[in-house]
Amino acid sequence: SQLKTLNSLTLHSAHMDVHHMMCLMDAVVQIPVLVELDLSYNHLDASHLLPMVSTCHKWNSSLQRLKLNHNNLGENAVKGLVAVCGQRLLELDVSHNRLRDAGVTNLLVGLAFSHLDTLNVNFNGMSRHATQMVHDLRFSHQKKRRSYGQLPPIPIPIPWVLAASISLMATLGMVWFIRRG
């Protein structure tokens, strides 16, 4: 099948329901070289993540990037996101959703020991208080780096790798872009 050589699959605005997600996830496990799956602009919510959660343990280790930006993922989707990301993903984009402060905080805690290198949570209705928390974590980590030198090359909890690269837009009060360095 030609799908076996597909390395990137983009399904923007595909208007997927839960049944479509189940079919898609069955197909994804059959694509051994798939590196990127982009499900942006699909109005996905927590119920759409259930098929993903039930099949993610079967995903090939080549899947590295998952884009779920511009959907309707709220705080109730965090457990599903954590389950999916625990499966060797390196990049997750959940920007432009409805995670808010509690959702993003729970996501960071849940992903603390995952393999994730990049997490984009821009435009999720974050308060200035949450943005300040990220800012404080960033400077706390920078201070530790200066004190202890280079950090070891082992999975480091995401909240402590914020210093690697965070773009804060104080005027918007809700932009988080996290990348391990």
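Residues numbered from 1 in each chain as written. Predicted model: local features only at pLDDT ≥ 70, side-chain atom pairs only at ≥ 80, totals over all residues. Heavy atoms only, no water.

Caption draft 1: Focus on the overall build of the protein chain. Across its full length, the protein chain carries five helices and six strands. Element order for the protein chain, N to C, with α for helix and β for strand: β-α-β-α-β-α-β-α-β-α-β. Looking at the protein chain residue by residue over its 181 residues, the buried ones come to 42%. Look at the contacts in the protein chain between residues 6 or more apart in sequence, and 81% of them connect residues 24 or more apart. (Helix = DSSP H or I, 4+ residues; strand = E, 2+ residues; numbered from the N terminus. Buried < 20%, exposed > 50% of the residue type's maximum accessible area, 1.4 Å probe, protein only. Contact = heavy atoms within 4.5 Å.)

Caption draft 2: Quick peek at helix 2 (residues 46-55). All buried positions along helix 2 are accounted for by Ala46, His48, Leu49, Pro51, Met52 and Thr55. Residues of helix 2 that are buried sit in contact with helix 1 (18-28), strand 3 (65-67) and helix 3 (78-85).

Caption draft 3: How the structure looks around the state of the cysteines. According to the stated counting rule, one finds zero disulfides in the structure shown. Not part of a disulfide, cysteine 56 finds its nearest cysteine sulfur in cysteine 85, a span of 8.9 Å. Take cysteine 56: its relative accessible area is 4%, and that puts it in the buried class. In this structure cysteine 85 comes out as buried when scored by relative accessible area, which is 0%. (Disulfide = S-S within 2.5 Å.)

Caption draft 4: Fine view of the pattern of salt bridges. Enumeration according to the criterion identifies two salt bridges in this entry. As a salt-bridge pair, glutamate 36 and arginine 65 come within 4.0 Å of each other at their nearest N and O atoms. Separated by 29 residues along the polypeptide, glutamate 36 in strand 2 (residues 36-38) and arginine 65 in strand 3 bring together distant segments of the chain. Exposure remark for glutamate 36: the relative accessible area of 12% places this residue in the buried category. (Salt bridge = Lys/Arg side-chain N within 4 Å of Asp/Glu carboxyl O.)

Caption draft 5: The arrangement of the packing of helix 1 against helix 2 in detail. Running from N to C, helix 1 and helix 2 point in directions that differ by 20 degrees, and their axes come no closer than 8 Å. When the axis of helix 1 is compared with that of helix 2, the two are roughly parallel. Of the two possible hands of crossing, helix 1 and helix 2 adopt the one that is right-handed. Each of Val18, Met21, Met22, Met25 and Asp26 in helix 1 lies in contact with helix 2, whose residues at this interface are Ser47, His48, Pro51, Met52 and Thr55. Across the contact of helix 1 with helix 2, the residue classes tally to six nonpolar, three polar and one charged. (Axes fitted to C-alpha atoms, helices over the stretch in contact; angles between N-to-C directions. Parallel < 35°, antiparallel > 145°, perpendicular 65-115°, else oblique. Left-handed = near helix turned anticlockwise from the far one by under 90°. Nonpolar A, V, L, I, M, F, W, Y, C, P; charged D, E, K, R; others polar.)

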